[in-house]
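# Tertiary structure, described
Here are the chains, one letter per residue:
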There are 2 protein chains.
Amino acid sequence: MPELRKDPIIGRWVIIATERAKRPDQFSGTEQNAPPEKPCPFCEGNESHTPPEIYALRPRHTAPNTPGWELRVVPSIAPFLRIEGELGRRGKGLYDLMNGIGAHEIIIETNKHIGNMADLEEEQIVKVIDSYIDRMVDLEKDERFKYVMVFKNYGWIAGAGRVKHCRSQLIATPVNPKRVKEELAGAKTYYDYHERCVFCDLIRQELDSKERLILDIDGFIAVTPFAARFPFEVWILPKRHSCNFTSLDTPGKLGLATTMKKVLSKLKKGLGDPPYNYVIHTAPFRRPKSGYWKSIDYDYHWHIEIMPRLTRVAGFEWGTGFYICPLPPEDAAKFLREAEV
Amino acid sequence: MPELRKDPIIGRWVIIATERAKRPDQFSGTEQNAPPEKPCPFCEGNESHTPPEIYALRPRHTAPNTPGWELRVVPSIAPFLRIEGELGRRGKGLYDLMNGIGAHEIIIETNKHIGNMADLEEEQIVKVIDSYIDRMVDLEKDERFKYVMVFKNYGWIAGAGRVKHCRSQLIATPVNPKRVKEELAGAKTYYDYHERCVFCDLIRQELDSKERLILDIDGFIAVTPFAARFPFEVWILPKRHSCNFTSLDTPGKLGLATTMKKVLSKLKKGLGDPPYNYVIHTAPFRRPKSGYWKSIDYDYHWHIEIMPRLTRVAGFEWGTGFYICPLPPEDAAKFLREAEV
């Protein structure tokens, strides 16, 4: 019997198909039809092919935009948003709009031509995490921005374009993304009723049942969500409650790097190097005027959502917000738990 | 300068890219890599390849599941949901779930092996609309269901599988889809403030400005939405206010068929027969216990959303609810207005 399951945070129902389900080993990477790679602008020595760097980890004796770096952050060469200007909030009859002000940056995670973050050393992933935090903290100073989305597109199907080099993206926006607002509202409702964080409860239950648990190491758990939208969707959550990704301390960064490398390696080995996306879910910037509840410190809990791209998503799923997941998350978790890396 | 635009109904902000925008004629169908077609179970003569029909338009002297029909509705051969059983709503610790009870039906829109609804005769599209309404009305009698989603996947990328034959799908569910709830809530908020339907206001403004207007015929308008998520996204709205798709009268059905045929033909001719999805957005079933506001008659307005599949959607758009549309909807509307059919 298929099941209808409800996401405990944002209240979305999904169908978990059981009878027409494929076995976990029937899913695999789908990059056969990707177009050929383009010359890489992100490798060491090609610094002149990117806009000037905003941030870099490099020895003091090297000059900006020259070789010798370990990680660079540069503005997108084709930014979705522009950094200069006023917000210009205005109406147009019924409609609301504002100028497309924001930041759009590329985090070049390594100077080597490595494609998948799974293949970076753990110490290098720690540097990536450091750069995320440094950029978030810097962008928070800009009063025009409400949120920084950090995400990764890996593989052609996942939106990475024709360059394989390992990188993440960051978009700072003057508005809060819809999904973030929904999570905050859902978490607050739960907290108001139970006086407990819904994510902390989720972690306790997953550790207890172990059905959907993939990893439990170094202060983090990796699980498949109860109401998964996609086969092999994975969430990484810190066991220590915090609403802000930027609050990670040094042991926390190490623990997260270990967890990410393990999870991404399991996806790579187990599923034939599939394309994937991940998104860091963290609290919006809180400013005196932002209107966000003080309770956010208690009720929200940062985490990372990883979405392998193994199935085509039918448009009705966008049109309705109603997802059909062809693989029970318990089966996906078992498969990933057992995948050797 | 790019723009941030807000959907006036559900409040989702989207980035409308202007500077990295492609020209409208640079988008086109992307079905090159589709796998080969399978033998068609939906053509006349192959009735034994589908489950027995639930509904058919056929002359009285022909027997069910034999040739001679004009349109058939059959259960999905691989249903996501099961029709028999109790809902069994229950909790599992923190989580809520119920049995996957529902209906999943296939509307076979023609007895001929035609792929795109754009190529059906108008009279045949009227029959498709009739069948949608008849099935919705019939399923409303089942007290377990709250909503019927009617949608179409056309083309491999849009989720249609390896059979081209023109068909729609219908899923009846015991829960309301998230997007529907959001639309109802947004429309109610607008109505509570203005005492006017947000969709009626939208229609008036679009007819007035004409910037995003594609068609205005026979009681319907076709527009690109102000805060479009996808290039060439098109909404079809009835000018006469009604929350229920099933309230369409005979002239309304004719007008909708004409509008749909014109819009789908413009997409086909203008954009090289792209894959697309559409979803009918209509009010949920209202029952004594359903908890839906009486005001729904006044504040909600049924419509159809058509989403051509011309771009890859990066996963961060699912992860954040934040969409980037690479083509201003005004340019898309101009292109489609001028596309000859």
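Residues numbered from 1 in each chain as written. Chains lettered and ligands numbered in written order. Predicted model: local features only at pLDDT ≥ 70, side-chain atom pairs only at ≥ 80, totals over all residues.

## What to know about the overall build of chain A
Within chain A, the regular secondary structure consists of seven helices and 15 strands. By the compact-globule yardstick of 20 Å for 341 residues, chain A fits well, its C-alpha radius of gyration being 20 Å. Dimensions of chain A, computed from C-alpha atoms along their principal axes, come out at roughly 60 × 45 × 45 Å. Per-residue burial for chain A yields a buried fraction of 49% across its 341 residues. For chain A, contacts bridging at least 24 residues in sequence account for 71% of all contacts bridging at least 6. (Helix = DSSP H or I, 4+ residues; strand = E, 2+ residues; numbered from the N terminus. Rg over C-alpha atoms; globule rule 2.2 N^0.38 Å. Buried ≥ 20, exposed ≤ 12 C-beta atoms within 10 Å, placed from the backbone. Contact = placed C-beta atoms within 7 Å.)

## Quick word on the sheet that holds strand β4 (residues 71–75) of chain A
Residues and elements named next belong to chain A. Pairing is antiparallel in the open sheet, where 10 strands are placed in the order β3-β4-β7-β9-β8-β13-β14-β12-β11-β10. Only two strands of the sheet have a single neighbouring strand rather than two, namely β3 (55–57) and β10 (213–217). Taken over all neighbouring pairs, the strand axes of this sheet differ in orientation by 15 degrees on average, direction set aside. The sheet contact formed by strand β8 (residues 147–154) and strand β9 (residues 167–173) spans five bridges and is antiparallel. Note on β9: the bridge partner recorded for Phe151 is Gln169. Each of β10, β11 (220–223), β12 (234–238), β13 (276–281) and β14 (303–308) is contacted by helix α4 (residues 250–271), which is oriented at about 150 degrees to β10, the strand it contacts most. (Pairing = 2+ DSSP bridges. Axes fitted to C-alpha atoms, helices over the stretch in contact; angles between N-to-C directions.)

## Regarding the packing of helix α1 (residues 122–140) of chain B against helix α4 (residues 250–271) of chain B
A pair of packed helices is characterised by two quantities: the angle between their axes and the separation of those axes. Residue and element names in this part refer to chain B. Taken N-terminus to C-terminus, the directions of α1 and α4 make an angle of 120 degrees; their axes are 9 Å apart at the nearest point. When the axes of α1 and α4 are compared, the crossing they make is right-handed. Between α1 and α4, the contacting residues are Glu122, Ile125, Val126, Ile129 and Asp130 on the first element and Lys253, Leu254, Leu256, Ala257, Thr258, Met260 and Lys261 on the second. Partitioning the contact of α1 with α4 into residue classes produces seven nonpolar, one polar and four charged. (Left-handed = near helix turned anticlockwise from the far one by under 90°. Nonpolar A, V, L, I, M, F, W, Y, C, P; charged D, E, K, R; others polar.)

## A short note on the interface of chain A and chain B
Facing 56 residues of chain A, the contacting portion of chain B comprises 56 residues. For the side of chain A that touches chain B, the class distribution of residues is 31 nonpolar, 12 polar and 13 charged.

## Notes on the confidence of the model for chain A
Mean pLDDT over chain A works out to 92, with 95% of the residues at or above the 70 mark. Across the interfaces of the predicted complex, the ipTM metric reaches 0.90, alongside a pTM of 0.93. (pLDDT = per-residue confidence, 0-100.)

## Some thoughts on the relation of the copies chain A and chain B
Between chain A and chain B, which share one sequence, the superposing operator has a rotation angle of 180 degrees and an axial displacement of 0.0 Å; the RMSD is 0.0 Å. The two molecules are tied by a two-fold rotation axis, judged by turn and shift. In this assembly the copies share their binding face: 100% of the residues contributing to the interface of chain A also contribute to that of chain B. (Least-squares fit on C-alpha atoms with pLDDT ≥ 70 in both.)

## A closer look at the pairing of strand β1 (residues 3–6) of chain B
Sheet topology note: the strand β6 (residues 95–99) of chain A/β1(B) ladder contains four bridges and is antiparallel. Across the sheet, residue A:Met98 finds its bridge partner in β1(B), namely B:Leu4. Here β1(B) pairs with strand β2 (residues 13–16) of chain B via four bridges, running antiparallel. Bridge assignment links B:Glu3 to a residue of β2(B), and that residue is B:Ile16. Hairpin geometry of β1(B) and β2(B) is characterised by an intervening segment of six residues between the two adjacent antiparallel strands and by a positive phi of about 75 degrees at B:Gly11.

## With respect to helix α2 (residues 178–194) of chain B
Residues and elements named next belong to chain B. Along its 17 residues, α2 runs 24 Å from first to last C-alpha, staying within 8% of the 24 Å computed at 1.5 Å per residue. The set of residues buried in α2 consists of Arg179, Val180, Glu183, Leu184, Ala187 and Tyr190. When α2 is viewed along its axis, its buried side chains cluster within an angular range of 135 degrees and face the same direction. Those residues of α2 that are exposed and aimed more than 90 degrees away from the buried face are Asp192 and Tyr193. (Expected span 1.5 Å × (residues − 1). Arc of directions from axis to C-beta.)

## Overview of the sheet that holds strand β15 (residues 323–325) of chain A
Read across the sheet, five strands follow the order β15(A)-β2(A)-β1(A)-β6(B)-β5(B) without closing on themselves; strand pairing throughout is mixed. Both outer strands of the open sheet, β15 of chain A together with β5 (90–92) of chain B, are each paired with one neighbouring strand and no more. Within the sheet, the average angular offset between the axes of one strand and its neighbour, ignoring direction, is 30 degrees. Sheet topology places strand β2 (residues 13–16) of chain A next to β15(A); three bridges connect them, and they run parallel. Looking across to β15(A), one finds that A:Ile16 is bridged to A:Cys325.

## Some points on the environment of B:Arg5
Within the fold, B:Arg5 resides in strand β1. Classification of B:Arg5 by C-beta neighbours within 10 Å gives buried; the count is 24. Separated by 239 residues in the primary sequence, B:Arg5 and B:Asn244 place their C-alpha atoms 28 Å from one another. In this view, B:Arg5 contacts A:Tyr95, A:Leu97, B:Val14, B:Ile16, B:Phe226 and B:Ala227; residues no more than four positions away in its chain are not counted.

## Describing the nonpolar core
The tendency in soluble globular proteins is for nonpolar side chains to be buried side by side. Ranked by internal contacts, the top residues of the largest apolar core, which has 197 residues, are A:Met149, A:Cys325, B:Met149 and B:Cys325. For B:Cys325, the contacting residues outside a window of four places in its chain are B:Val14, B:Ile15, B:Ile16, B:Ala17, B:Ala228, B:Arg229, B:Phe230 and B:Pro231. (Core = buried A, V, L, I, M, F, W, Y, C linked by C-beta atoms within 7 Å.)

## Things to note about unusual backbone geometry
One non-glycine residue with positive phi stands out, namely A:Phe232, at about 70 degrees. Here A:Phe232 is to be found in the loop between β11 and β12. For A:Phe232, a count of 29 C-beta atoms within 10 Å puts it in the buried group. You will see that B:Asp218, though not glycine, has its phi angle at about 50 degrees, which is positive. Of note, B:Asp218 is situated in the loop between β10 (213–217) and β11 (220–223).

## Here we look at the environment of A:Arg5
Sequence separation between A:Arg5 and A:Arg82 is 77 residues, and the spatial gap between their C-alpha atoms is 40 Å. The residues touching A:Arg5, leaving out its near neighbours within four places in the chain, are A:Val14, A:Ile16, A:Phe226, A:Ala227, B:Tyr95 and B:Leu97.

## Details of the environment of B:Leu248
Residues and elements named next belong to chain B. Tracing the chain through its elements places Leu248 in the loop between β12 (234–238) and α4. The class for Leu248 is buried, based on 21 C-beta atoms found within 10 Å. The residues touching Leu248, leaving out its near neighbours within four places in the chain, are Ile129, Ile133, Lys253 and Leu256.

## Quick word on helix α3 (residues 198–209) of chain A
Residue and element names in this part refer to chain A. The end-to-end C-alpha distance of α3, which contains 12 residues, comes to 16 Å, matching closely the 16 Å that a straight helix rising 1.5 Å per residue would cover. For α3, the set of buried residues is Val198, Phe199, Leu202, Ile203 and Glu206. End-on view of α3: buried residues confined to an arc of 140 degrees, all on one side of the axis. Buried residues along α3 sit in contact with α2 (178–194), β10, β11, β12 and β14. Residue Lys210 follows α3 closely and has a positive phi angle near 65 degrees.

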